[in-house]
Amino acid sequence: MIKNRRQSIDCILFDWDGTLLDSFAADAQAYFQMFSALGMSWSMEELKRHYSPNWHRVYRAARLPRAKWDEADRLWMKFYKEQCPKMQPGALRVLRALERRFLLAIVSSGSRARVLRQLREQKIAAMFRTKVCSEDAPRRKPHPAPLRMALDRLRLAPELCVYIGDAPEDIEMAHRAGMRAIGVLGGSPVPERLRSASPDALIETIRELPALLKNF
C-alpha cells in the first residue's frame, strides 16, 4: 500500500530492532527476566500494549520507580546478552540489493555498543554510511533529533530520504523530520498501532521493500 509519491530517493535509513533484526522475542525475554529480578511481573499482553522503542515509556507503563531505571537498564542488557536474535528473513539480500542504488544508514534506539556489535556479527556494518544510536542524539524517538543528526552527517535533505521502521514512533519521528516513512508489519509487536500512525506505505515483510521503492 502506497499513500503518495514524491521525488526520487537518495538514501534509505533503517531502524534496527524489529525491522532488520528479528529481535522482539529476545527483547521480551530480557524484559521479563529484568522485571522478575526487580520483583515485578509483566505479561506479554502488557508488554505488547505498552511497547515502545523508547524503553522509558515501558518503565513508566510498568510503574517502575525512576530510582530503579538505571538498575533496570543494567539488568536488561545483562539478560539480553544471553539472547541471539537473527536478521529478519531476506533482510541481508534486501540490503545487498539496495546498496547498489542508495546510500544506507541506521537510526536506532538501541545502545551503540550493542547495535554496532550486532552489525559486525552480521557482517553488514560497512553497508551503512552512518549509524545513529541512543547515546548519540539529545532526544529519543519519536523526537526527530536522531534522524536530523543522521541527515546532518549525510548532508542530505529529508525529502531525498525514507525511513523504514516497525513501530509507530518510527513513523512519527520520520514525519516530524520531514521524511517519508515505510512501516514493516511482520516484525512489529504493535501492528495495529503501526497502521494507525499513517505511514506513507506499509509492507508485510522487509523482502517487499526493493519492489516497493521502484515506484515510491
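The sections below set out a description of the structure shown in this document. In this text, all values refer to a predicted model and were calculated from it rather than measured experimentally.

Some points on the packing of aromatic side chains
Then comes step 1: Enumeration over the complete set of coordinates arrives at six aromatic pairs.
Then comes step 2: For the ring pair Phe24 and Tyr51, a centre distance of 5.5 Å and an interplane angle of 85 degrees mean the geometry is edge-to-face. Taken together, the residues span a long stretch of sequence, with Phe24 in helix H1 (residues 24-37) and Tyr51 in the loop between helix H2 (44-50) and helix H3 (55-61) at a distance of 27 residues. The same class applies to Phe24 and to Tyr51, which are both buried.
Then comes step 3: In this structure an aromatic cluster arises from ring pairing among Tyr31, Phe35, Trp42, Trp76 and Tyr80.
Then comes step 4: Sitting over the face of the ring of Tyr80, Arg114 holds its NZ or CZ atom 5.0 Å from the ring centroid.

Let's talk about helix H6 (residues 112-121)
Then comes step 1: For H6, every residue scored as buried is listed here: Arg114, Val115, Leu116, Gln118 and Leu119.
Then comes step 2: Looking at the buried side of H6, the elements it contacts are strand S2 (21-22), helix H4 (69-80), strand S4 (103-107) and strand S5 (130-132).
Then comes step 3: Two residues or fewer after H6 comes Lys123, characterised by a positive phi angle close to 60 degrees.

Considering the layout of surface pockets
Then comes step 1: In this structure, the largest pocket occupies an estimated 370 Å³ of space.
Then comes step 2: In terms of lining, the largest pocket is formed by 23 residues, of which the most central are Trp55, Trp76, Ser109, Gly110 and Arg114.
Then comes step 3: Looking at the lining of the largest pocket, the elements with two or more residues in it are H1, H3 and H4.
Then comes step 4: Each residue belonging to the lining of the largest pocket can be placed in one class, and the counts come to eight nonpolar, six polar and nine charged.
Then comes step 5: Of the volumes computed, that of the second largest pocket is approximately 150 Å³.
Then comes step 6: Forming the boundary of the second largest pocket are Leu21, Tyr80, Lys81, Gln83, Cys84, Pro85, Lys86, Arg117, Gln118, Glu121 and Gln122.
Then comes step 7: Per-element accounting of the lining of the second largest pocket gives the leading share, three residues, to H6.
Then comes step 8: Residues belonging to the lining of the second largest pocket are distributed by class as follows: four nonpolar, three polar and four charged.

About the thresholds
Residues numbered from 1 in each chain as written. Predicted model: local features only at pLDDT ≥ 70, side-chain atom pairs only at ≥ 80, totals over all residues. Heavy atoms only, no water. Phe/Tyr/Trp six-rings, centres within 6.5 Å; stacked < 30°, edge-to-face > 60°. Helix = DSSP H or I, 4+ residues; strand = E, 2+ residues; numbered from the N terminus. Buried < 20%, exposed > 50% of the residue type's maximum accessible area, 1.4 Å probe, protein only. Lys NZ or Arg CZ within 6 Å of the ring centre and 35° of its normal. Contact = heavy atoms within 4.5 Å. 1 Å grid on protein atoms, 1.4 Å probe; cavity = no way out; pocket = protein on both sides within 12 Å on 5 of 7 lines; lining within 4 Å. Points joined across faces, edges and corners; volume = space filled by probe spheres on them. Nonpolar A, V, L, I, M, F, W, Y, C, P; charged D, E, K, R; others polar.

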